[in-house]
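Descriptive structure summary
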Amino acid sequence: MTVGVDVRIHALSKHFKQFRAVDNLTFDVPPGTVTGFLGPNGSGKTTTLRMLLGLVRPTAGSALIGGRAYADLPDPRRTVGAVLETAGFHPGRRGRDHLRIVAQAARIPQRRVDEVLGEVGLADAADRRVGGYSLGMRQRLALAGALLGESEGRPRLLVLDEPSNGLDPGGMAWLRDLITAQAAAGHTVVVSSHVLAEVSRIADHIVIVRDGRLRYAGPAAAMTKTLEETFTDATS
Ligand SMILES: Nc1ncnc2c1ncn2[C@@H]1O[C@H](COP(=O)(O)OP(=O)(O)OP(=O)(O)O)[C@@H](O)[C@H]1O
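Residues numbered from 1 in each chain as written. Predicted model: local features only at pLDDT ≥ 70, side-chain atom pairs only at ≥ 80, totals over all residues. Heavy atoms only, no water.

**What about helix α8 (residues 227-235)?**
Among all positions of α8, only Leu227, Thr230, Phe231, Ala234 and Thr235 are buried. Buried residues in α8, looked at end-on, bunch into an arc of 110 degrees, giving them a common side. Buried residues in α8 make contact with β3 (34-38), α7 (196-202), β8 (205-210) and β9 (213-219). (Buried < 20%, exposed > 50% of the residue type's maximum accessible area, 1.4 Å probe, protein only. Helix = DSSP H or I, 4+ residues; strand = E, 2+ residues; numbered from the N terminus. Arc of directions from axis to C-beta. Contact = heavy atoms within 4.5 Å.)

Below, the structure is given as structure tokens:
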């Protein structure tokens, strides 16, 4: 097993005019672990993840994946998979066609499309238009897109922003198994979620932010209280 991709957030800030959405944030994500990225609504989690993925330009600081900014990765879609939001699909497109287009753009073999459709439980719905998908089905399609670039023996980073949104209980259990299997295979997973009970079952490492600032970072095993109590202490 190869363990490789770490994430380093250093003195990262994003200001929207006078508003500090992310404020001098520094933390590391160890490679091959699941890191739970937590914080109340509006605390800057999505903005941080978008900067990590090169979608938002930082006001200051850096967000590095294996020592490089996303834009400098030689093969970003194969190194990083992300689930950010489920609203961005073309409603008239079929699930399989959406993935085919993503695969083609990233020079990922088309055979991966059917593999990931099976992995996320969408094989039977692959030829339906995404506009008719439920929220949970769109979330599964987003996860399929994040898994497309995976290839044998190559460590990756998965960035998952609220991935359990809309999933039914079976879907939540499936997602939990997927995330722990990813880390067991040497991949790094950063997952933001408000479902603390789920996070406490899967996370090796916990990062908590509030008002764009770091409030807690450390191994889950080192917490002296429950995740709920740690979260409340860190954010009140
Ligand atoms: N493009 C933007 N322009 C202005 N303000 C923004 C922009 N993007 C985010 N913000 C603000 O930055 C703050 C942090 O937002 P962000 O989405 O990062 O929080 P979050 O922790 O992901 O919240 P949630 O848990 O609700 O998803 C919010 O107050 C939000 O309104």
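Once you've had a look at it, read on.
**Re the site of the ligand**
Residues in contact with the ligand, as listed here, are Phe16, Phe19, Ala21, Pro40, Asn41, Gly42, Ser43, Gly44, Lys45, Thr46, Thr47 and His194. Gly42 has a polar backbone atom sitting 2.8 Å from an oxygen atom of the ligand. With respect to the ligand, the backbone of Ser43 contributes an N or O atom lying 3.1 Å from an oxygen atom. Across the complex, the protein chains shield 58% of the 640 Å² of accessible surface that the ligand would expose by itself. Every element with two or more residues in the shell around the ligand is listed here: β2 (19-29) and α1 (45-52). (Near = heavy atom within 4 Å. Polar contact = N/O pair within 3.5 Å; in protein donor to acceptor, adjacent residues only side chain to side chain. Areas by Shrake-Rupley, 256 points an atom, 1.4 Å probe, with all protein chains shown as cover.)

**What about the layout of surface pockets?**
By volume, the largest pocket is sized at about 530 Å³. Around the largest pocket, the lining is made up of 22 residues, and of these Arg77, Ala82, Val83, Leu84 and Glu85 lie nearest the centre. Broken down by secondary-structure element, the contributors of at least two residues to the lining of the largest pocket are β5 (80-83), α3 (95-105) and α5 (135-147). Residues belonging to the lining of the largest pocket are distributed by class as follows: 12 nonpolar, 6 polar and 4 charged. (1 Å grid on protein atoms, 1.4 Å probe; cavity = no way out; pocket = protein on both sides within 12 Å on 5 of 7 lines; lining within 4 Å. Points joined across faces, edges and corners; volume = space filled by probe spheres on them. Nonpolar A, V, L, I, M, F, W, Y, C, P; charged D, E, K, R; others polar.)

**Considering the packing of aromatic side chains**
Inspection of the entire model under this criterion finds 1 aromatic pair. Between Phe27 and Phe37 the ring centres are 5.4 Å apart and the planes differ by 40 degrees, which places this aromatic pair in the tilted class. Of the two residues, Phe27 sits in strand β2 while Phe37 sits in strand β3, which places them 10 residues apart along the sequence. Of the residues examined, Phe27 reaches a relative accessible area of 7% and is grouped as buried. What makes Phe37 buried here is its relative accessible area of 0%. Across from the ring centre of Trp174, 5.3 Å away, lies the NZ or CZ of Arg140, which sits over that ring. (Phe/Tyr/Trp six-rings, centres within 6.5 Å; stacked < 30°, edge-to-face > 60°. Lys NZ or Arg CZ within 6 Å of the ring centre and 35° of its normal.)

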